[in-house]
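What follows is the residue order along each chain.
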Amino acid sequence: MTQHDSPTLPAHRPEASKQAPEAPDDTSPSRTTRPWMPALLYTLGFLTVYLLAICTPWGQRAENALFHLGKQGGEEAWIYPLSGSDYGSTPLPPMELTAKPTLMAGLAVIVVLTLVRRCWRQGCAALGVVILATGGKEVFKSTVPRPDLVGAPENLLDQGFPSGHTAIPAALTLAAVLVVSPRIRPYVATAGVLWLACIAAATATMGGHRPSEVLGATLLACACYGLATWLLPPEAAPGATRIPRPLPVIALTLALAVALVSGARNDTLTRSLVSAATAFICAALVWYAAVGRPARRTRPALD
């Protein structure tokens, strides 16, 4: 009897016949958390900057020393012709007398975007960010004194913490990302951080505010934004933002360039670099708060 070899059958592999289900790509609000930690960290950062820079002798000496580098006033700053301090010049918003008109115009734009997109909760949160940041700045400056711990000259005793001129672009940028479409949110944030880098560097280098006052205003705006996003209901809270891969590098590189140019002075390199570094940190903080923090999952998706 002739034996025929039986045809070879493929081995049965359960893992080959049953494909593992793909992990669901679900970024719905019900599967994401609204972390409260950023708001707390920004608030602690704001208080830490105030305590170290204003409530300690060495902090006051370090910042007061910057005013003695170069000439008094902002005439030696490259951005001086755009500051509004020069007679007949047009100030770059929100510097000099353009602060309130810039704030009002920004609030009007937020209201219009809210009405057009019908994002009522996000619009209210955006208005809250601006009102809390700018109003909180006024309350803090009027109620918390600046102690004189080092016998500083009288012209350095005014309480300027936090900087109002810096709070406006920071707050308006963070408010805008709440009401615009998620598709253009990264680009709105990019434009906002460039504006902030310019104003923060110019304010510091021209002597209107110390670096701590500029940084404090940015941290205050970020804390208000973190609080607003935490209080929003899950379906209205901003989720993870899809960002083109090169955009963060491009945005922060441009912010650094803007900060260097806006903070440059003809008479002192140290003061120029300190102002530029402070402005760049402010821009990075707002960028990270607006689009740089991804949403976090609470639990795996269930069928």
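See the structure shown above.
> Tell me about the pattern of salt bridges, residues and numbers included.
For the structure shown, the criterion picks out 5 salt bridges. Of the charged contacts in the structure, one is a salt bridge between E76 and K71, with a shortest N-O distance of 3.5 Å. One salt bridge connects D267 with R265, and the closest N-O pair in it is separated by 3.0 Å. On the basis of relative accessible area, R265 is assigned to the buried category, the value being 6%.

> With reference to specific residues and values, describe the environment of W287.
Checked against the element boundaries, W287 lands in helix 10 (residues 269-292). Residue class for W287 comes out buried when judged on its relative accessible area of 5%. Along the chain, W287 and L174 lie 113 residues apart, while their C-alpha atoms are 8.8 Å from each other. Filtering out sequence-adjacent residues up to four positions away, W287 remains in contact with P186, A189, T190, V193, I243, L247, P248, A251, L252 and G292.

> Run through the nonpolar core, naming residues and quoting values.
Counting 60 residues, the largest nonpolar core has V130 and L174 as its most contacted members. When contributions to this core are tallied by element, the ones reaching two or more residues are helix 2 (37-54), helix 4 (99-117), helix 5 (120-143), helix 6 (164-179), helix 7 (185-205), helix 8 (211-231), helix 9 (247-263) and helix 10. At 10 residues, helix 8 tops the list of elements feeding residues into this core. Those residues in contact with L174, other than ones at most four positions away along the chain, are V129, A221, C222, Y225, V286, A289 and A290.

> Tell me what's going on with empty space enclosed by the protein, and back it up with residues and numbers.
Applying the stated rule across the entire model yields 2 cavities of 30 Å³ or more. Empty space within the second largest cavity amounts to approximately 60 Å³. In terms of lining, the second largest cavity is formed by E63, L66, F67, A204, H209, R210, P211, R271, V274 and S275. Looking at the lining of the second largest cavity residue by residue, the classes come out as 5 nonpolar, 2 polar and 3 charged.

Analysis parameters
- Residues numbered from 1 in each chain as written.
- Predicted model: local features only at pLDDT ≥ 70, side-chain atom pairs only at ≥ 80, totals over all residues.
- Heavy atoms only, no water.
- Salt bridge = Lys/Arg side-chain N within 4 Å of Asp/Glu carboxyl O.
- Buried < 20%, exposed > 50% of the residue type's maximum accessible area, 1.4 Å probe, protein only.
- Helix = DSSP H or I, 4+ residues; strand = E, 2+ residues; numbered from the N terminus.
- Contact = heavy atoms within 4.5 Å.
- Core = buried A, V, L, I, M, F, W, Y, C linked by side-chain atoms within 4.5 Å.
- 1 Å grid on protein atoms, 1.4 Å probe; cavity = no way out; pocket = protein on both sides within 12 Å on 5 of 7 lines; lining within 4 Å.
- Points joined across faces, edges and corners; volume = space filled by probe spheres on them.
- Nonpolar A, V, L, I, M, F, W, Y, C, P; charged D, E, K, R; others polar.

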